[in-house]
Amino acid sequence: MTRCRGEIILEAQGLEFSYANPVIRDFSLTLPAGMVTGMIGPNGSGKTTALRLLDGILRPAAGTVIFTGAGPLLHLRRREIARRIAMVPQNGTVYFDQTVFHFAMQGRSPHLSLLGFESELDEEVTLRALEMTQLTRYMDAPVSTLSGGEKQRLLLARALAQESEVLLVDELTANLDISFQIELMRLIARITRERNLATLVVSHEINLLATFADNVALMEAGIILAQGTVAEVVNRANLKHLFGLDFTVRMLSDGKPEVLPVIN
Amino acid sequence: MNRLSRTRIIGTSLSLLALWILAALVSINVGSVRIPLLTSLRLVKSRLLGEALDGSPLAVILFSVRLPRIFLASLVGAALAAAGAAFQSLLRNPLADPYVLGVSTGASMGTIVYSIFAASLGFTAGASFLYARPAAAFLGAALTVAAVYAVGGGSMRAGEGSQRLLLAGIVLASFISSINVFLLTSTNQADLRGIFYWLIGDLSRPVDASILVVTIVVLAGFAVLYLFSHSLNLIAMGETSALILGVEVARVKAGVYLVASLMTGAVVSVGGPIAYIGLICPHLARMLFGSDNRILLPAVFVFGAIFTLLADTLARSLFSPTELPVGVITALCGAPLFIYLLHRRGGKV
């Protein structure tokens, strides 16, 4: 299905979710095609839970998540969701060791028959995903030999192999040094444009999101405080409200804000 | 690269089947009465051609004792090994197997309760008798699984959940073991030695018609497990990952648990709770054929048959004419082998 850039692909309406206490309250968010939406919020504000609701892994107590053209996620089987929505989880783990190539090829699963026998086409798609994430040369290496940054890229490669229209990324840049963070965010922004994906990136790196995201959603205690363009949303008042800290926000020449917390 | 091809799966399975036939030929030959290979082949040929065997004593031993026992050992081994491999993938824990999870012990409780009350319930012969013992074993296995889940399944977080399930399995298995011994000693069983053997895992009892039901359950169960093989591969990577990649995790978990328990219950009802097969065979097979369940499950199914067949052949021939319970041999080989594996792979099994 070809989509216009900016067309809403995934939409959450009034989601509610609780474990023991309410975690998500009246959560509404839209993800447009061809754009990176960044999500910023303090620890425990429910970002990961929100992502799991958006991928249909968790069932909301109220509200719906609608995939344009396919309807509410509640009515779709997991396979049907996985063809449309890919997610890079926060901590992917490998129990029985396998090669980088085979790990990435798991992303093809939702497109395969029950026994999951892959075709040459699936290999090609997987190879392309490994190329994009610059992992081709580790293709035959066991996953356990990869560094932290390479493992993160591999999780992204697996998600790309899913060939979905929506990409949800949870804290991909956590534990990475600054050059890896920039490299990965640049990659995600490029792929989002090239494949016209609706991408949501959760991160604590405000400046990284301010640079690479088109839109930003601020999340506080299970609610979306504000959603809009970076320039609209990333400002001193919002950040102070969110983190209880003072910030200096400086507009750079390209119209992107640069954010620095005032520590004393 | 090298994606897994159907040819490789079929080739591996056929090679292992050939090895199994070889092991069976050796096993026919060995025992308190030796049946030379050529003689046994000639007898089988005559039987297949419908020729009269004239009550030859070797023919009686071959067809009523040895071949049924070879079949039984293979069936029991195949089922336990496949169930073990499935449990290990499902719980993402290399220590999971029907024995550790308490499924085998639960099945033996079902069998014991059945054997105590069968006569008074009127299950002595006929069709109901065929199903009743395996069904009782399955019921025992299923109840134990439910109890293990109730005790250990409270937290469903990926890693922690499976640890708790295993611990719950170990605790419940020892608890049920005591119940088993209590039941057996308090009900005046005539054949205490036989029961003691059976509790360790013993294939020396004569094969009765219930083997047909057990065979059907094991083969059908294996077919269903195989349909879950790719989903199990993904679940082995973590439940969240599997969900993201489109697996109906809850449905697969329930299905695999049910089927693996059914298979375990069926074979425990005839062979007792034989230890280590479900633990060792999947690890050896994984080292040889990789961890992809699409090739691992068929490989381990035949591998378990070969392993158990050889173990049982040893059990009945080492101190011939006295027979050991096969569980003694599997534990004697299994425990050191397991320790070796732990060491060799630096604790990463």
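Asker: I'd like a description of the overall build of chain A, backed by residues and values.
Answerer: When you go through chain A residue by residue, the secondary structure sums to nine helices and twelve strands. Rg of the C-alpha trace for chain A: 18 Å, near the compact-globule value of 18 Å for 264 residues, within the 12% margin. Based on the C-alpha atoms only, the size of chain A along its principal axes is roughly 55 × 40 × 40 Å. Residues classed as buried in chain A amount to 45% of the 264 residues present. In chain A, the proportion of contacts linking residues at least 24 apart, taken out of those at least 6 apart, comes to 66%.

Asker: Go over the overall build of chain B, please, and point to the residues and values.
Answerer: Within chain B, the secondary structure is distributed over 14 helices and zero strands. Helices and strands in chain B line up, N terminus first, as α-α-α-α-α-α-α-α-α-α-α-α-α-α. Over its C-alpha atoms chain B spans a radius of gyration of 20 Å, differing by no more than 12% from the 20 Å that the globule rule assigns to 349 residues. Dimensions of chain B, computed from C-alpha atoms along their principal axes, come out at roughly 65 × 55 × 40 Å. Across the 349 residues in chain B, those meeting the buried criterion constitute 49%.

Asker: Which residues make up the pairing of strand β8 (residues 198-202) of chain A, and what values go with them?
Answerer: Residue and element names in this part refer to chain A. Summarising burial for β8: five of the five residues are buried, a large majority. A two-sided burial pattern is seen for β8, the buried positions comprising Ala198, Leu200 and Val202 on one face and Thr199 and Val201 on the other. Across five bridges, strand β3 (residues 35-40) lies against β8 in parallel orientation. Within the sheet, the bridge partner assigned to Met35 lies in β8 and is Ala198. Relative to β8, strand β7 (residues 166-170) is paired through five bridges, and the arrangement is parallel. Residue Val169 lies in a different strand from β8, and its bridge partner there is Val201.

Asker: Hey, could you go over the sheet that holds strand β1 (residues 8-18) of chain A for me, with residue numbers and the actual values?
Answerer: All names here are of chain A. The strand order β2-β1-β4-β5 describes an open sheet built from four strands, whose pairing is antiparallel. Every interior strand has two partners, whereas the edge strands, β2 (22-32) and β5 (71-72), have only one. Both strand β4 (residues 62-67) and β5 contribute to a ladder of two bridges, which runs antiparallel. Residue pairing for β5: Ile66 is matched across the bridge by Pro72. Of the strands in this sheet, β1, β2 and β4 touch helix α1 (residues 47-54), which is tilted by about 120° from β1.

Asker: Go over the interface of chain B and chain A, please, and point to the residues and values.
Answerer: Facing 21 residues of chain B, the contacting portion of chain A comprises 27 residues. Of all elements in the fold, only α9 (229-235) and α10 (239-244) of chain B reach the threshold of two or more residues within the side of chain B that touches chain A. Ranked by the residues each element gives to the side of chain B that touches chain A, the list is headed by α10(B), at four residues. Broken down by class, the residue content of the side of chain B that touches chain A amounts to nine nonpolar, seven polar and five charged.

Asker: So what about the confidence of the model for chain B? Which residues, and what values?
Answerer: Residues and elements named next belong to chain B. Mean pLDDT for chain B: 86, with 92% of residues reaching 70 or above. The lowest-confidence element of chain B is helix α7 (residues 192-200), averaging 79 in pLDDT; the highest-confidence one is helix α13 (residues 293-317), averaging 95. Every residue in residues 155-159 scores below 50 in pLDDT, and together they form seven contacts with partners more than four places removed in sequence or on other chains.

Asker: Help me get a handle on the nonpolar core, residues and values and all.
Answerer: All names here are of chain B. Residues Ala79, Ala82, Met263, Val267 and Val300 are the most contacted members of the largest nonpolar core, which totals 175 residues. Broken down by element, this core gets its largest block of residues, 17 residues, from helix α3 (residues 57-91). Here Ala82 is in contact with Phe222, Leu225, Met263, Leu297, Val300, Phe301 and Gly304, once residues within four sequence places are set aside.

Asker: Tell me what's going on with the pairing of strand β9 (residues 215-220) of chain A, and back it up with residues and numbers.
Answerer: All names here are of chain A. With five of six residues buried, β9 lies mostly within the body of the structure. Across six bridges, β9 lies against strand β10 (residues 223-229) in antiparallel orientation. Bridged to Asn215 within β10 is Thr229.

Asker: Quick rundown of α3(B)? Include the residues and the values.
Answerer: What sets the pattern is the α-helix's 3.6 residues per turn: residues three or four places apart point alike. All names here are of chain B. Between the first and last C-alpha of α3 there are 50 Å, a value that for 35 residues agrees with the 51 Å anticipated at 1.5 Å per step. A maximum bend of about 30° is found in α3 at Phe63. Positioned one or two residues after α3, Arg92 has a phi angle of 50°, which is positive.

What counts as what
Residues numbered from 1 in each chain as written. Chains lettered and ligands numbered in written order. Predicted model: local features only at pLDDT ≥ 70, side-chain atom pairs only at ≥ 80, totals over all residues. Helix = DSSP H or I, 4+ residues; strand = E, 2+ residues; numbered from the N terminus. Rg over C-alpha atoms; globule rule 2.2 N^0.38 Å. Buried ≥ 20, exposed ≤ 12 C-beta atoms within 10 Å, placed from the backbone. Contact = placed C-beta atoms within 7 Å. Pairing = 2+ DSSP bridges. Axes fitted to C-alpha atoms, helices over the stretch in contact; angles between N-to-C directions. Nonpolar A, V, L, I, M, F, W, Y, C, P; charged D, E, K, R; others polar. pLDDT = per-residue confidence, 0-100. Core = buried A, V, L, I, M, F, W, Y, C linked by C-beta atoms within 7 Å. Expected span 1.5 Å × (residues − 1). Bend = angle between axes of the 7 residues up to and from the residue.

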